[in-house]
Every structure is written in C-alpha cells, then in structure tokens.
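Structural overview for review
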There are 2 protein chains.
Amino acid sequence: MAGFKHLVIVKFKEGTAAADMLKGMEKLVSEIDAVKSFEWGQDIESEEMLRQGFTHAFLMTFDSKEDYTAFVGHPSHVEFSATFSTAIDKVVLLDFPCVVAKGSA
Amino acid sequence: MAGFKHLVIVKFKEGTAAADMLKGMEKLVSEIDAVKSFEWGQDIESEEMLRQGFTHAFLMTFDSKEDYTAFVGHPSHVEFSATFSTAIDKVVLLDFPCVVAKGSA
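Quick notes on the rules
- Residues numbered from 1 in each chain as written.
- Chains lettered and ligands numbered in written order.
- Predicted model: local features only at pLDDT ≥ 70, side-chain atom pairs only at ≥ 80, totals over all residues.
- Heavy atoms only, no water.
- Helix = DSSP H or I, 4+ residues; strand = E, 2+ residues; numbered from the N terminus.
- Expected span 1.5 Å × (residues − 1).
- Buried < 20%, exposed > 50% of the residue type's maximum accessible area, 1.4 Å probe, protein only.
- Contact = heavy atoms within 4.5 Å.
- Pairing = 2+ DSSP bridges.
- Axes fitted to C-alpha atoms, helices over the stretch in contact; angles between N-to-C directions.
- UniProt positions renumbered as here; feature names shortened; annotations may be inferred.

**Side note on the environment of Ser37(A)**
Relative to the helices and strands, Ser37(A) resides in strand E2 (residues 37–42). The spacing of Ser37(A) and Asp63(A) is 26 residues in sequence and 9.7 Å in space, taken between C-alpha atoms.

**As for helix H4 (residues 75–87) of chain A**
Residue and element names in this part refer to chain A. With 13 residues, H4 extends 19 Å between its outermost C-alpha atoms, agreeing within 8% with the 18 Å of an ideal straight helix rising 1.5 Å per residue. Along H4, the residues classified as buried are His77, Phe80, Phe84 and Ala87. Those residues of H4 that are buried lie in contact with strand E1 (4–12), helix H1 (18–31), strand E3 (56–62), helix H3 (65–73) and strand E4 (88–97).

**What about the sheet that holds strand E5 (residues 99–102) of chain B?**
What holds strands together in a sheet is hydrogen bonding between their backbones, with the strands either parallel or antiparallel. A sheet is described by the order of its strands in space; here 5 strands give the open sequence E4(A)-E1(A)-E3(A)-E2(A)-E5(B), paired in antiparallel fashion. Across the chains shown, the open sheet's two edge strands, defined by having one partner strand only, are E4 of chain A together with E5 of chain B. Mean inter-strand twist for the sheet, computed between neighbouring axes without regard to direction, equals 20°. Alignment of E2(A) against E3(A), held across 6 bridges, turns out to be antiparallel. Across the sheet, residue Gln42(A) finds its bridge partner in E3(A), namely His56(A). In the packing of H4(A) onto the sheet, contacts are made with E1, E3 and E4 of chain A, and the angle to E4(A) comes to roughly 130°.

**Thoughts on unusual backbone geometry**
With phi around 50°, Gln52(A) is a residue other than glycine that occupies positive phi space. Tracing the backbone shows Gln52(A) in the loop between helix H2 (48–51) and E3.

**Considering the UniProt feature "domain: Stress-response A/B barrel" (unreviewed entry) in chain A**
UniProt tags residues 4–96 of chain A as "domain: Stress-response A/B barrel" (unreviewed entry). The span residues 4–96 of chain A is 43% helical and 33% strand by assignment, and the distance between its end C-alpha atoms comes to 6 Å.

Put into structure tokens, the structure is as follows:
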C-alpha cells in the first residue's frame, strides 16, 4: 500500500509488557480514521548484530502527509505517545512518502 | 499485505549515490520471484533526534519465512548485499511475520 508511512522500530525496556503496548496502539489506530492500515511484527530471524537490540516494528499508512500530521496532533495520539515513550529503551522513527517498486500498491 | 517481512533501515555513507543503490535493489527484487512486494521511502518528516541519522527504509514482503530464507541465500542477493554493505554507515534489519491489525491484508 502506497501513501504516507509512519515507521517505528523499538526496543522495549526490560519488564515492559509489549502486549499491553500493542493493545494501546490497536485501540489508538481503531479510533483514528486517518490511519488506513496498521501492521506490526516482532523480529524472529535477524542476527543480533544486525538488529542491534531492536525487536518490534510498527508501520502505519496514511493517504497523505496531511493525514499523518493530523494523526500526530490528535489528542489520543499525544496521550498514547506519552505512555509509549516511558516503555521504550531505544526507538527510531521514519516518516516517508512510500514508493511501491514491486507488488500491489 | 501480511506474510513475512524483511525491513532494512539505513544511513548511507556520505557520498553514496542512494539512487544507484536503489536501482540495484529494484533489479534484485525484479529478478527474484519470492519477493512479492518491495516498498521503500526516504524520511522527510521525522525529527533528527528520533531518526538518529537513518534516512531510508526498505520493506520486502514474502509469502512465508521459507521464501525469505530462499531469498537470503539467492546468489543475486548475496552479491548485492556485499555491494550494499560497503555503502552503509548504519543499518538495522528486522525480519518478522507480519500482523495486519488494521486495513487490508
């Protein structure tokens, strides 16, 4: 799916219930129409040297950069981000217009 | 799209022609049927503190973990990886079965 993507990769702090974080995230995206898709996964294959402690990837898709910006400023997102940020040890965020080079758009 | 995902985020070395790397990657995925989709993007929105120097995300989708493993061992992938690794300053790889929590599978 093309559109504008919001990619978050994280290493949770030890003792964090990743399942609870995920539940919060699923609730969040279900509440906000601007989020067109939400996919996530937990690494099972990468070598430690190559994943560098990161364990989870979260990927949201929006129709446009404007929709993404609206999501960022949404009160539910602001609230969830505050909770989320207390649970993470490391994080990288990338926000980009997505180019589909192969496969379905 | 669900399936098995191979996510690569990178910071290229200064002076690297990212367009050339991308050309190589597009050639690679076009040659290997196991790669069902290939999407990528260059960050335009994230704050430097949150993207930590990373600029590009590359995301490939496979039908199964087995297809991904076959891709990793494919001679064209082995050859391309050698070239790619000389061009990168930082990289994180995550390989995971993808959960579609919202939107089309």
